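As a plain string of letters, each chain reads:
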Amino acid sequence: MATAEQIKALLRSHTSGDDDLFRSVALQIAAHEATKGNDSLANSLRELVATAKRGQQSTGSPRAVPITRPVGELAGMVQASYPSIRLSEMVLADSIRGGIEELIHQQRQKDLLRNHGLSPKRKILLVGPPGCGKTMTASVLAKECGLPLLFVQLHSLITKYMGETAAKLHVLFDSMCETRGVYLFDEFDAIGATRTASNDVGEARRILNSFLQFLERDDSESIIVAATNFVGMLDDALFRRFDDVITYELPDKTLVRRLIENRLSTFDLSSVKWAEIGLAARGLSHAEVARACDDAARGAVLANEQSILHDSLVKALANRSGMRPSRPRKKLKG
Ligand SMILES: Nc1ncnc2c1ncn2[C@@H]1O[C@H](COP(=O)(O)OP(=O)(O)OP(=O)(O)O)[C@@H](O)[C@H]1O
Ligand SMILES: [Mg+2]
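A brief report on the enclosed structure follows. Quick caveat: nothing in here was measured; it's all calculated off a predicted structure.

Thresholds, definitions, all that
Residues numbered from 1 in each chain as written. Chains lettered and ligands numbered in written order. Predicted model: local features only at pLDDT ≥ 70, side-chain atom pairs only at ≥ 80, totals over all residues. Heavy atoms only, no water. Phe/Tyr/Trp six-rings, centres within 6.5 Å; stacked < 30°, edge-to-face > 60°. Buried < 20%, exposed > 50% of the residue type's maximum accessible area, 1.4 Å probe, protein only. Helix = DSSP H or I, 4+ residues; strand = E, 2+ residues; numbered from the N terminus. Lys NZ or Arg CZ within 6 Å of the ring centre and 35° of its normal. Contact = heavy atoms within 4.5 Å. Near = heavy atom within 4 Å. Polar contact = N/O pair within 3.5 Å; in protein donor to acceptor, adjacent residues only side chain to side chain. Areas by Shrake-Rupley, 256 points an atom, 1.4 Å probe, with all protein chains shown as cover. Nonpolar A, V, L, I, M, F, W, Y, C, P; charged D, E, K, R; others polar. Domains from an automatic or database assignment. Salt bridge = Lys/Arg side-chain N within 4 Å of Asp/Glu carboxyl O. Axes fitted to C-alpha atoms, helices over the stretch in contact; angles between N-to-C directions. Parallel < 35°, antiparallel > 145°, perpendicular 65-115°, else oblique. Left-handed = near helix turned anticlockwise from the far one by under 90°. Arc of directions from axis to C-beta.

## Focus: the packing of aromatic side chains
Ring pairs (aromatic) are described by centroid distance and by the angle formed between their planes. For the structure on display, the rule yields six aromatic pairs. Each ring, one from Phe 185 and one from Phe 188, has its centre 6.5 Å from the other, and the planes form 80 degrees; the classification is edge-to-face. Note on accessibility: Phe 185 and Phe 188 belong to one class, buried. Seen from their ring centres, Phe 188 and Phe 242 are 6.4 Å apart, and the 90 degrees between their planes marks the pair as edge-to-face. Highlighted residues: Phe 188 in the loop between strand E4 (182-185) and helix H9 (189-192) and Phe 242 in the loop between helix H11 (236-239) and strand E6 (244-247), separated in sequence by 54 residues. No difference in accessibility class separates Phe 188 from Phe 242, as the two residues are buried. Linked through ring pairs, Phe 173, Phe 185, Phe 188, Phe 211, Phe 214 and Phe 242 together constitute an aromatic cluster. Cation over ring: Arg 217 sits above Phe 214, and NZ or CZ is 5.5 Å from the ring centre.

Encoded structure:
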């Protein structure tokens, strides 16, 4: 019988997800049994370990290890989380929703596809104006596919030194094979800007080339999501390396109404004149409409009202319009 220490070590290795340690402890138990003359038990334990190892290698299916703590070099490069937001919470045009649903469906059926020599879509580029749900989509994909979201910290990835950046990209793309997850490159224009842009310098071009090579070679089971507002700045070579490009747009009046009804579902909205709201919200993003809803809701709660009055919603939307910044965004470092 295994010792108490061995059983504890076995459990510890299992809970920490350390397969190598788990196998090593199991083999120690087998050796322990062999010294006591329990050869048949020792042999069957060794066989079980060997079969488990072969199984893991042949499926080549890395598990979605719960990494609350990326370790080593990866630690400063990605931030891991387990989002809880669902696709049903997003308000999207049908064509955009269709693209996201397709990806989720293919990911859920990835084994079936692979059995037929096909791979599911897993490299996507999200483009469009700020506040229309690109980052939110990455969270939704993680939730719907049961994967961790690994938010790539571009500022720590891109350094002044090409050699360092390439080495970091290497660690990152290796991690995609080892830990299946949704890897989000947000504000991707920082590396995706066109190689011939006037602000381009040799380093930036080499970083992009290096990224493109890693992206092309990557055959992990992770989902790679790149998001940007600056589609015009992106290099043509990038587009063909993604399985899909999803273009987000500002919400039209139908989507604005749905967004408001979702966001203010606990209030009475019977006084709201939707045609006027559509006009008041023209040009606003989903995020801005959502914030205007929150402004109106706060007002109603403080006034002890159950309903959101039409005028207060119009005012909240107009305020948000008035707040529109000139949208200064980070540009590619020269
Ligand atoms: N399609 C949507 N449906 C519902 N809510 C949305 C949608 N898009 C944005 N929101 C709301 O706006 C917030 C910000 O959205 P998000 O960060 O995903 O925008 P983004 O497109 O990534 O913007 P940016 O380009 O500035 O990074 C979300 O957390 C959510 O509250
Ligand atoms: Mg974003």
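## Thoughts on the environment of Phe 173
Within the fold, Phe 173 resides in helix H8 (residues 162-178). You can call Phe 173 buried: its relative accessible area is 5%. Remark: the alpha-carbon pair of Phe 173 and Ser 222, spanning 49 residues in sequence, is separated by 9.6 Å. Ignoring anything within four residues of it in the chain, the contact list for Phe 173 reads Phe 211, Phe 214, Leu 215, Asp 218 and Ile 224.

## Observations regarding the site of ligand 1
Close contacts around ligand 1 come from 18 residues, with Val 91, Gly 131, Lys 134, Thr 135 and Asn 229 the closest. Backbone polar atom of Gly 133 to a nitrogen atom of ligand 1: 3.1 Å apart, as the coordinates give it. Met 136 places a polar main-chain atom, nitrogen or oxygen, 2.9 Å from an oxygen atom of ligand 1. Protein contact buries 78% of the 630 Å² of open area that ligand 1 shows by itself. Listing elements by their share of the shell around ligand 1, those giving two or more residues are helix H6 (134-145), helix H12 (253-263) and helix H14 (286-302). For the shell around ligand 1, the leading source of residues is H6, giving three residues. Tallied by class, residues from the shell around ligand 1 come to nine nonpolar, five polar and four charged. Summarising the domain contributions, the shell around ligand 1 has at least three residues from each of domain 2 (72-247) and domain 3 (253-323).

## Quick look at the side chain of Thr 228
For Thr 228, the location among the structural elements is in strand E5 (residues 223-228). The contact partners of Thr 228, leaving out residues within four places of it in the chain, are Leu 126, Val 127, Gly 128, Lys 134, Phe 188, Asp 189 and Leu 234.

## Some details on the pattern of salt bridges
Applying the stated rule across the entire model yields 14 salt bridges. Across the pair Glu 102 and Lys 121 runs a salt bridge, and its minimum N-O distance is 3.0 Å. Placement of Glu 102 in helix H4 (residues 94-108) and of Lys 121 in the loop between helix H5 (110-115) and strand E2 (123-127) is noted, with a sequence separation of 19 residues between them. Among the residues examined, Glu 102 registers a relative accessible area of 34% and is labelled partly exposed.

## Observations regarding the packing of H4 against H6
Look at H4 against H6: their axes get within 10 Å of each other, and the N-to-C directions meet at 30 degrees. In this view, H4 runs roughly parallel relative to H6, as classed from their interaxial angle. Note on packing geometry: the crossing formed by H4 with H6 is right-handed. Counted together, Ile 100, Leu 103, Ile 104, Gln 107 and Arg 108 of H4 and Thr 137, Leu 141, Glu 144 and Cys 145 of H6 form the full contact between these two elements. Split into classes, the residues belonging to the contact of H4 with H6 amount to five nonpolar, two polar and two charged.

## A few points about H12
Buried within H12 we find Leu 255, Val 256, Leu 259 and Ile 260. Down the axis of H12, the buried side of the element spans an arc of 135 degrees, and every buried residue falls inside it. Buried residues in H12 make contact with helix H13 (274-280), H14 and helix H15 (310-322).

The values reported here are purely geometric and, on their own, carry no functional implication.
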